[in-house]
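# Observations on the model geometry
The residues making up each chain are set out below.
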Amino acid sequence: MLPDTHAHLDMIEEDTGQVVERARSAGVGPIITIGINIESTTRAIAAAESYPGVFASAGIHPNDTAEVTADDIDRLAGLAASERVVAVGETGLDFYRDASPHEAQKNAFREQVRLAKSLGKALIVHDREAHDDALDLLADERAGDTTVVMHCFSGDESVLSECLARGYYISFAGPVTFKNAERTREVASRVPVSRLLAETDSPFLSPEPFRGRPNLPERVTLVARALAGVWRMDPEEMGLILEENAGRAFGLGLGGAAR
Ligand code: NI
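I will try to describe carefully the structure that is included in this document. (Residues numbered from 1 in each chain as written. Predicted model: local features only at pLDDT ≥ 70, side-chain atom pairs only at ≥ 80, totals over all residues. Heavy atoms only, no water.)

### Some words on the coordination of the nickel ion
Short version of the rule: Donor atoms are limited to N, O and S found within 2.8 Å of the metal ion, a distance that becomes 3.2 Å for Na, K and Ca. With water left out, some sites might look partial. When four donors show all angles between 85 and 135 degrees the site is tetrahedral, when four or six donors have opposite pairs over 155 degrees and all other angles between 65 and 115 it is square planar or octahedral respectively, and in every other case it is irregular. Think of it in three bands: with a 1.4 Å probe and only protein chains considered, a residue is buried below 20% of the maximum accessible area for its type, exposed above 50%, and partly exposed in between.
Taken together, His6 (NE2), His8 (NE2), Glu90 (OE) and Asp201 (OD) make up the protein donors of the nickel ion, found 2.2 to 2.3 Å from the metal. One can describe the donor arrangement at the nickel ion as irregular, given that its four donor atoms subtend angles of 84 to 176° at the metal. Summarised as a motif, the one-chain spacing of the donors to the nickel ion is H-x1-H-x81-E-x110-D. Using a relative accessible area of 1% as the deciding quantity, one classes histidine 6 as buried.

### Overview of the environment of alanine 56
The test is simple: Each helix is a run of H or I in the DSSP string that is no shorter than four residues. Each strand is a run of E no shorter than two, and both are numbered from the N terminus. Should any heavy atoms of two residues lie within 4.5 Å, those residues are counted as being in contact.
Looking at where alanine 56 falls in the secondary structure, it is placed in strand 3 (residues 54-58). Residue class for alanine 56 comes out buried when judged on its relative accessible area of 0%. Taking the C-alpha atoms as reference points, alanine 56 and leucine 240, separated by 184 residues in sequence, lie 22 Å from one another. For alanine 56, the contacting residues outside a window of four places in its chain are Ile32, Thr33, Ala44, Ile45, Ala48, Arg84, Val85, Val86 and Ala87.

### Focus on the pattern of salt bridges
Put simply, the rule is: For this document, the term salt bridge refers to a Lys or Arg side-chain nitrogen within 4 Å of an Asp or Glu carboxyl oxygen.
As enumerated under the stated definition, the model contains 13 salt bridges in all. With a closest N to O distance of 3.0 Å, glutamate 218 and arginine 22 form a salt bridge. Placement of glutamate 218 in the loop between strand 8 (196-198) and helix 8 (220-230) and of arginine 22 in helix 1 (residues 16-25) is noted, with a sequence separation of 196 residues between them. A relative accessible area of 38% places arginine 22 in the partly exposed class.

### Considering the side chain of histidine 126
What counts, and what does not: Under this definition, polar contacts are N or O atom pairs within 3.5 Å; protein pairs additionally need one hydrogen-donor-capable and one acceptor-capable atom, and for neighbouring residues in sequence, both atoms have to be side-chain atoms.
When you line up the elements, histidine 126 lands in strand 5 (residues 122-128). Residue histidine 126 is classed as buried on the basis of its relative accessible area of 9%. Looking at histidine 126, its side chain comes within polar contact range of the side chain of glutamate 90, at 3.0 Å. At 2.8 Å, the side chain of histidine 126 forms a polar contact with the side chain of aspartate 94. Each residue touching histidine 126, except ones within four places of it in the same chain, is listed here: His61, Pro62, Glu90, Thr91, Gly92, Leu93, Asp94 and His151.

### Some thoughts on the sheet that holds strand 2 (residues 28-33)
Selection rule: The pairing criterion for strands is at least two bridges between them, as found by DSSP. Convention adopted: a line fitted to C-alpha atoms gives each axis, helices being fitted over their contacting stretch, and angles between N-to-C directions are expressed from 0 to 180 degrees.
Spatial strand order, 1-2-3-4-5-6-7-8: eight strands in an open sheet with parallel pairing. The sheet terminates laterally at strand 1 (2-7) and strand 8, the two strands that pair on one side only. Averaged over neighbouring strand pairs, the angle between their axes works out to 30° when direction is ignored. Helix 2 (residues 38-50) rests against strand 2, strand 3 and strand 4 (85-94) of the sheet, and its axis sits at about 160° to strand 3. Most of the contacts of helix 4 (residues 102-119) go to strand 4, to which it runs at about 155°, and overall it touches strand 3, strand 4 and strand 5.

### Remarks on helix 3 (residues 70-80)
The condition is simple: The arc under discussion is defined with respect to the helix axis, by the directions toward the C-beta atoms.
Of all the residues in helix 3, the buried ones are Asp72, Ile73, Leu76, Leu79 and Ala80. All buried residues of helix 3 project into a common sector of 120° when viewed along the axis, lining one side. Opposite the buried face of helix 3, at more than 90 degrees from it, the exposed residues are Ala70 and Asp74. Taken together, the buried residues of helix 3 touch helix 2, strand 3, strand 4 and helix 4.

### Thoughts on the pairing of strand 3
In terms of burial, strand 3 is largely enclosed, as five of its five residues are buried. What you see with strand 3 is no split at all: Val54, Ala56 and Ala58 on one side and Phe55 and Ser57 on the other are buried throughout. Bridging between strand 2 and strand 3 involves three bridges; their strand directions are parallel. Bridge pairing links threonine 33 to alanine 56 in strand 3. Summarising the sheet, strand 3 and strand 4 pair through three bridges and their orientation is parallel. By the bridge assignment for strand 4, alanine 56 is matched with valine 85.

Here you go:
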């Protein structure tokens, strides 16, 4: 089964049970559903408790950090300890949308790096137009002591080299399938296959030929096929590699969320 390592099941309009079922019929599972604030993390854990093959992350998205309090961080820590939670995040920096002050983004990011390390769970990083600051903070906090996943990677070759030198995983979403995304595919071709992950970020970033429409976890098959194309590899072989990588990165299949 091909994993979708990053979906927002609570933002998809269709019924979650049907979405998970359709994904399974398409050969997709497990699905990691992502928390972006306390409420969404609570929903992610509820979905992971309700549907086999669904796991949760616990996080506060950089765009949701403007009013984060110490109490929120405590609540997040409590939720992140759930055994259905396989990762902390998505967290990071977003200087593109710039929805929260940079200091607030950094403080929440730092707290979540520490949380992931203390729990020994993976850290899912969102980095948009903030590569230098994000890499600096990750280095300062020694994030590499736990598993780090660069979600929907958008950096260039030099950012990639730094991430690879630090042992981070590099995750690609729908944009790697876009007709005008030669540069993204070029970057993807430089990631050792053992560090590649595939995700949908659904309901966002639908791959071709669904670009511009609401996305679904089942379409991670199209992301995987694009990565197979980049590597001139049989899609089935790429699928097995992506499954193994996700299992290793998130501790899936080792008795639930254990790692
Ligand atoms: Ni996301």
